[in-house]
Amino acid sequence: MIRVERLVHRYGEATAVDGVNLTLPDGEYVVLAGPNGSGKTTLVRHLNALLSPDEGRVLVNGTEAAENPVAARTAVGMTFQDPRDGFVAATVGADVAFGPENLGLAHEEIDRRVRHALDAVNMQGRADDRVDALSGGEQMRVAIAGALAMEPDHLILDEPFAGLDWPARREVFERLRALARDGTAVLVVTHDLRDHIDAADRVLVLSAGEIAVDAPPEQARDRLAEFDVRPP
Ligand code: ADP
Ligand code: MG
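Residues numbered from 1 in each chain as written. Chains lettered and ligands numbered in written order. Predicted model: local features only at pLDDT ≥ 70, side-chain atom pairs only at ≥ 80, totals over all residues. Heavy atoms only, no water.

(A) Molecular detail of the coordination of the magnesium ion (ligand 2). For the magnesium ion (ligand 2), the full set of protein donor atoms is Thr 41 (OG1) and Gln 81 (OE1), at a range of 2.1 to 2.5 Å. On the criterion of sequence distance, the pair formed by Thr 41 in helix α1 (residues 40–47) and Gln 81 in the loop between β6 (76–79) and α3 (92–102) is long-range, its members being 40 residues apart. On the accessibility criterion, Thr 41 (24% relative accessible area) is partly exposed. Owing to a relative accessible area of 43%, Gln 81 belongs among the partly exposed residues under this scheme. (Donors = N, O, S within 2.8 Å, 3.2 Å for Na, K, Ca; no water. Helix = DSSP H or I, 4+ residues; strand = E, 2+ residues; numbered from the N terminus. Buried < 20%, exposed > 50% of the residue type's maximum accessible area, 1.4 Å probe, protein only.)

And the structure:
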């Protein structure tokens, strides 16, 4: 479980996250929407200690993320808005294996995780492909596989569907739903709610750094237009 308490993040004089309180329980599938510049990326980067709070705190499984970034990053998997920001190796297989290797797992376990993660995003048989030669959608799927291979308690995806075609969106989406059913907390950041809103357990809308809506989809739906988020 992740708890965000009165979180404030400033870039110089500008406040990007302005007193956010939030709980992300295990097994919940949550969608975080909001217009460009509303603070979504800044907020989620706190959840695995890529940023540290100016005020407030983030607790991951009860431990303060800023005080134990390694624990936070082990428990919270993240994919970036631009998947290339997260790649660490030249080939698909090496990139997906990198995280599990750093956990010090046995070779057979690493191989199992890499295979399973690539299957999940429909990139099986592509382990030797160069990541820089992939399409944008394929790169996003590899980034998601890299996060899945860590088998984190929480998975945060920043705009994962940008650049994915319809079948790929469907596959990734089904996979994320299945993970949530199995107990992983899934937080999907998106400005495009078309195929998510009804499947989400909860919809959050961020507006100027504040949580403006935190409600089940049927209640959130009516309020999306107010916040410049396109209803489906
Ligand atoms: P979103 O992901 O919702 O588009 P961001 O978290 O990227 O929002 O940005 C929130 C606000 O913070 C915006 O006004 C943006 O211009 C500003 N911002 C984001 N990153 C930086 C940065 N590295 N330096 C200064 N300002 C930033
Ligand atoms: Mg963003």
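(B) Fine view of the environment of Asn 36. Structurally, the position occupied by Asn 36 is in the loop between β3 (29–33) and α1. Look at Asn 36 and you get exposed, because its relative accessible area is 74%. Considering only alpha carbons, one finds Asn 36 and Thr 190, 154 residues apart in sequence, at a separation of 10.0 Å.

(C) View of the side chain of His 46. Secondary-structure assignment places His 46 in helix α1. Leave out the neighbours within four places in its chain, and His 46 touches Leu 7, His 9, Leu 51, Ser 52, Pro 53, Val 58 and Ala 65. (Contact = heavy atoms within 4.5 Å.)

(D) Structural detail: the packing of α3 against helix α5 (residues 136–148). Across the interface, α3 lies against α5 with an axial gap of 7 Å and an inter-helix angle of 30°. Taken together, α3 and α5 sit at an angle that is classed as roughly parallel. In this structure, α3 crosses over α5, and the sense of that crossing is right-handed. Between α3, through Val 92, Asp 95 and Val 96, and α5, the contact on the second element is made entirely by Val 142, Ala 145 and Gly 146. For the contact of α3 with α5, the per-class residue count stands at four nonpolar, one polar and one charged. (Axes fitted to C-alpha atoms, helices over the stretch in contact; angles between N-to-C directions. Parallel < 35°, antiparallel > 145°, perpendicular 65-115°, else oblique. Left-handed = near helix turned anticlockwise from the far one by under 90°. Nonpolar A, V, L, I, M, F, W, Y, C, P; charged D, E, K, R; others polar.)

(E) Up close: the sheet that holds strand β5 (residues 63–64). Read from one edge of the open sheet, four strands run β2-β1-β4-β5, paired in antiparallel fashion. Every interior strand has two partners, whereas the edge strands, β2 (14–24) and β5, have only one. In the sheet, strand β4 (residues 55–60) pairs with β5 via two bridges, with the strands oriented antiparallel. Across the sheet, the residue bridging to Leu 59 is Glu 64, located in β5. (Pairing = 2+ DSSP bridges.)

(F) A look at the pattern of salt bridges. Using the criterion set out here, one finds 16 salt bridges in the structure. Glu 151 is the salt-bridge partner of Arg 113, the closest N and O atoms lying 3.5 Å from each other. In this pair, Arg 113 sits in helix α4 (residues 107–120) while Glu 151 sits in the loop between α5 and β7 (154–158), placing the two residues 38 residues apart along the sequence. Two residues, Arg 202 and Asp 214, come together in a salt bridge whose shortest N-O distance is 2.8 Å. Here Arg 202 is found in strand β9 (residues 202–207), whereas its partner Asp 214 is found in strand β10 (residues 210–215), with 12 residues between them in sequence. Several salt bridges share partner residues, and in doing so they unite Arg 3, Glu 5, Arg 57 and Glu 64 into one network. (Salt bridge = Lys/Arg side-chain N within 4 Å of Asp/Glu carboxyl O.)

(G) The arrangement of the site of ligand 1 in detail. Within the structure, ligand 1 sits among Tyr 11, Ala 16, Pro 35, Asn 36, Gly 37, Ser 38, Gly 39, Lys 40, Thr 41 and Thr 42. At 3.5 Å from a nitrogen atom of ligand 1 is found a side-chain nitrogen or oxygen belonging to Tyr 11. When isolated, ligand 1 has an accessible area of 560 Å², and the protein chains bury 53% of it. Examining the composition of the shell around ligand 1, we find that three residues originate from one element, α1, more than from any other. Within the shell around ligand 1, the residues separate by chemical class into three nonpolar, six polar and one charged. (Near = heavy atom within 4 Å. Polar contact = N/O pair within 3.5 Å; in protein donor to acceptor, adjacent residues only side chain to side chain. Areas by Shrake-Rupley, 256 points an atom, 1.4 Å probe, with all protein chains shown as cover.)

(H) The arrangement of the packing of α3 against α4 in detail. Packing of α3 against α4 brings their axes to within 9 Å, and their N-to-C directions diverge by 125°. Looking at the two axes, α3 sits oblique to α4. The two elements α3 and α4 cross, and the hand of that crossing is right-handed. In this structure, α3 uses Val 92, Gly 93, Val 96, Ala 97, Pro 100 and Glu 101 to contact α4, whose residues at the interface are Ile 110, Arg 113, Val 114, Ala 117 and Leu 118. For the contact of α3 with α4, a count of residues per class yields eight nonpolar, one polar and two charged.

From the geometry alone we can't say anything about function, so treat these as descriptive.
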